[in-house]
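Structural features, examined
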Amino acid sequence: MDVPTINGEKLYGWKKKNTKKETATLSKKKRGTEKKQETLRVLLFRNYFLVILVLLLTLYVMTLFYYINEQVRQVLRQQSSLCTYIENSIDASVEKMSIVSMNVLYSKTIRNELEQADLEKLSIRKMERVYDAIASIIGPYGTVSQVDVHSVRNLAVGWGKYELCKKETYQEIQWYEEIRKCDGKKWIGKPEYRSDLAYYNRYLRNKKFLSLYRMFFDESYREEGIVEVIQNCDTFFAGLESLKKENPGCSVQVLNEQYEQIYPYDSEAATISEKLQGDLPGQKGEIRNLHHQGSQIVSALQFGDCGWTIVVSQDKWQAFRPLVFVLGIYLLIGLLALGISVFVCYRISNTVTKPIYQLKENIERIDLEKLMDTSVQKSAADTFLPIFRR
């Protein structure tokens, strides 16, 4: 049976040929679809990668800040312990000198000999009782280097590294005004070279000494004289020297009440900034942690009756050096995790987009015009075939 036609056209079984323009349009559409597919894969990969990268960076930064803060706290605890150790060491040295000065002050033999001494006939032999009394106070092991007693009668007597007996102008004694203001309390000077000691012992020429002064009075509270206890700085700061060797990364300074450097005594005095002076503790026994001092982590403690201040500082890079290895390990782990995440993101993006691509490809293979024409032909055939059969 022939296939029926309407207006000279077949109702079904026909195929319309595509023109060149339509072919070019389909090819362009196909390339655009492939480009969109590639863009979707890249976009999905990029989003997954950015999420994982942000999470890894956040975790690393949090870890970095945690370890830095913990290291700062550990350094400050260590510095606080060092300040306490230095305080005990210096207090012990000061106490030895103070005890010697008090024993000299209360020695009746020394005071009587100074009162009865004939200034016109001074001699070392006439002061032997004074020397014996001082020697018994210092002891056989040499608790201090030298003890000098300055009398208001313009007389000076001492024993230790050498025997002293001479006339002097009492009120021209070094630090006299500062000593007088203390009114019987101990006062400590600054480390200095002593030409008198070096004169009798050339090995002491390059040594610095620290002196403790104490003014004493008679029964009527009239000024009677000054006791000067001299100690070698190597002995006075022996504890700090050993501590410095055990903690090479820490810098230790000891300042007097005028913020003048007492220790290190074998180097030039460092300038203390006004900002640091304002941040230093102002009360005895108070300790402050000053980790904001530029590139330094600083702790300070004021101690003693003389108002000295201990300043322990450490360079931040020196303090954080132990973290370099740990943070380096974390960085390597993070980079490894980042590399794995790149591979996982790539696999996920391919896995997720592959079914979508296949679905799109299948849809594109369907010729919609052909499908529509076929549907029209079948519909027309179903309508007109019964008529022809009649």
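Our structure's up above, just so we're on the same page.
No experiment lies behind these values; they were computed from the predicted model shown.

**Regarding the overall build of the protein chain**
Looking only at helices and strands, one finds ten helices and 14 strands in the protein chain. Here the protein chain holds 390 residues, and the buried ones make up 36% of them. For the protein chain, the proportion of contacts with a sequence separation of at least 24, taken over those separated by at least 6, is 59%. For the protein chain, the exposed surface amounts to about 24900 Å²; the carbon and sulfur share of it is 55%.

**Describing unusual backbone geometry**
Cis geometry is found at the peptide bond from Tyr-263 to Pro-264, where omega equals 0°. Here Pro-264 lies in the loop between β11 (261-263) and α8 (274-279). Although it is not a glycine, Trp-175 adopts a positive phi angle of roughly 65°.

**Things to note about the side chain of Gln-79**
With respect to the secondary-structure elements, Gln-79 resides in helix α1 (residues 20-105). Apart from residues lying up to four places away in sequence, Gln-79 is in contact with Ile-297, Val-298, Ser-299, Val-312, Ser-313 and Gln-314.

**Overview of the pattern of salt bridges**
Working definition: two side chains of opposite charge can pair if their charged atoms are close together. Per the counting criterion, the structure on display carries ten salt bridges. Two residues, Glu-224 and Arg-111, come together in a salt bridge whose shortest N-O distance is 2.5 Å. Taken together, the positions of Glu-224 in strand β9 (residues 223-232) and Arg-111 in helix α2 (residues 108-116) put the pair 113 residues apart, joining distant regions of the chain. You'll find Glu-224 and Arg-111 in the same group, each marked buried. The shortest N-O distance in the salt bridge between Lys-207 and Asp-234 comes to 2.8 Å. With Lys-207 in the loop between α5 (195-200) and β8 (208-217) and Asp-234 in helix α6 (residues 233-236), this pair connects stretches of sequence that are 27 residues apart. Several salt bridges share partner residues, and in doing so they unite Glu-70, Arg-73 and Arg-77 into one network.

**Section: the packing of aromatic side chains**
Tallying each qualifying case throughout the model produces twelve aromatic pairs. Seen in terms of ring centroids, Tyr-162 and Tyr-200 are 4.5 Å apart; in terms of plane orientation they differ by 10°. Their pairing is stacked. Residue Tyr-162 is located in the loop between β4 (155-160) and β5 (164-167), and its partner Tyr-200 is located in helix α5; the two are separated by 38 residues in the primary sequence. Members of the aromatic cluster, connected to one another through ring pairs, are Phe-236, Phe-237, Tyr-263, Tyr-265 and Trp-308.

**Considerations on the pairing of strand β3 (residues 146-151)**
In terms of burial, β3 is a largely internal element, six of the six residues being buried. The alternating pattern of β3 places Gln-146, Asp-148 and His-150 and Val-147, Val-149 and Ser-151 on opposite faces, both of which are buried. The pairing of β3 with β4 spans six bridges and is antiparallel. Across the sheet, the residue bridging to Asp-148 is Gly-158, located in β4. Count of turn residues in the β3/β4 antiparallel hairpin: three residues, of which Asn-154 carries a positive phi of about 65°.

**Focus: helix α7 (residues 238-246)**
Taken as a whole, α7 has its buried residues at Gly-239, Leu-240 and Leu-243. Buried residues of α7, viewed axially, fall in a sector of 95°; they line one side.

**Here's the deal with the pairing of β8**
Taking burial as the measure, the ten residues of β8 include ten buried ones, the bulk of the element. Burial along β8 is two-sided: Lys-208, Leu-210, Leu-212, Arg-214 and Phe-216 facing one way and Phe-209, Ser-211, Tyr-213, Met-215 and Phe-217 facing the other are all buried. Pairing analysis gives two bridges linking strand β6 (residues 187-188) to β8, with the strands arranged antiparallel. The residue bridging Trp-187 from the neighbouring strand is Tyr-213, located in β8. Judged from the two bridges that link them, strand β7 (residues 192-193) and β8 form a sheet pairing that is antiparallel. Bridge assignment links Glu-192 to a residue of β8, and that residue is Phe-209.

**As for the nonpolar core**
Core analysis: the biggest nonpolar cluster contains 47 residues, and Ile-90, Ile-110, Phe-237 and Trp-308 have the highest contact counts within it. For this core, the element with the highest residue contribution is α1, accounting for nine residues. Once you skip the residues sitting within four places of it in the chain, Ile-90 turns out to touch Phe-236, Phe-237, Leu-240, Val-254, Phe-303 and Trp-308. Counting residues in hydrophobic clusters, the runner-up holds ten residues, among them Ile-173, Trp-187, Tyr-213 and Phe-217.

**Notes on a nonpolar patch on the surface**
A cluster of nonpolar side chains, namely Tyr-48, Leu-336, Ile-340, Phe-343, Val-344 and Ile-348, defines an oily patch on the protein surface of about 550 Å² accessible area. In terms of residues, the nonpolar patch owes the most to one element, helix α9 (residues 316-365), which gives five residues. Tracing the backbone through its elements, the reader meets Phe-343 in helix α9. Its relative accessible area of 54% is what places Phe-343 among the exposed residues.

**Points about the packing of α2 against helix α3 (residues 128-138)**
Closest axis-to-axis distance for the α2/α3 pair is 9 Å, and the angle between their directions is 155°. As judged from the angle between their axes, α2 and α3 are roughly antiparallel. Once α2 is placed against α3, the crossing between them reads as left-handed. Two secondary-structure elements touch here, α2 through Thr-109, Ile-110 and Glu-113 and α3 through Arg-129, Val-130, Ala-133, Ile-134 and Ile-137. Of the residues belonging to the contact of α2 with α3, the class tally is five nonpolar, one polar and two charged.

Cut-offs and rules
Residues numbered from 1 in each chain as written. Predicted model: local features only at pLDDT ≥ 70, side-chain atom pairs only at ≥ 80, totals over all residues. Heavy atoms only, no water. Helix = DSSP H or I, 4+ residues; strand = E, 2+ residues; numbered from the N terminus. Buried < 20%, exposed > 50% of the residue type's maximum accessible area, 1.4 Å probe, protein only. Contact = heavy atoms within 4.5 Å. Areas by Shrake-Rupley, 256 points an atom, 1.4 Å probe, with all protein chains shown as cover. Salt bridge = Lys/Arg side-chain N within 4 Å of Asp/Glu carboxyl O. Phe/Tyr/Trp six-rings, centres within 6.5 Å; stacked < 30°, edge-to-face > 60°. Pairing = 2+ DSSP bridges. Arc of directions from axis to C-beta. Core = buried A, V, L, I, M, F, W, Y, C linked by side-chain atoms within 4.5 Å. Patch = residues over 30% accessible without salt bridge, like charges linked within 9 Å, V, L, I, M, F, W, Y side chains within 5 Å. Axes fitted to C-alpha atoms, helices over the stretch in contact; angles between N-to-C directions. Parallel < 35°, antiparallel > 145°, perpendicular 65-115°, else oblique. Left-handed = near helix turned anticlockwise from the far one by under 90°. Nonpolar A, V, L, I, M, F, W, Y, C, P; charged D, E, K, R; others polar.

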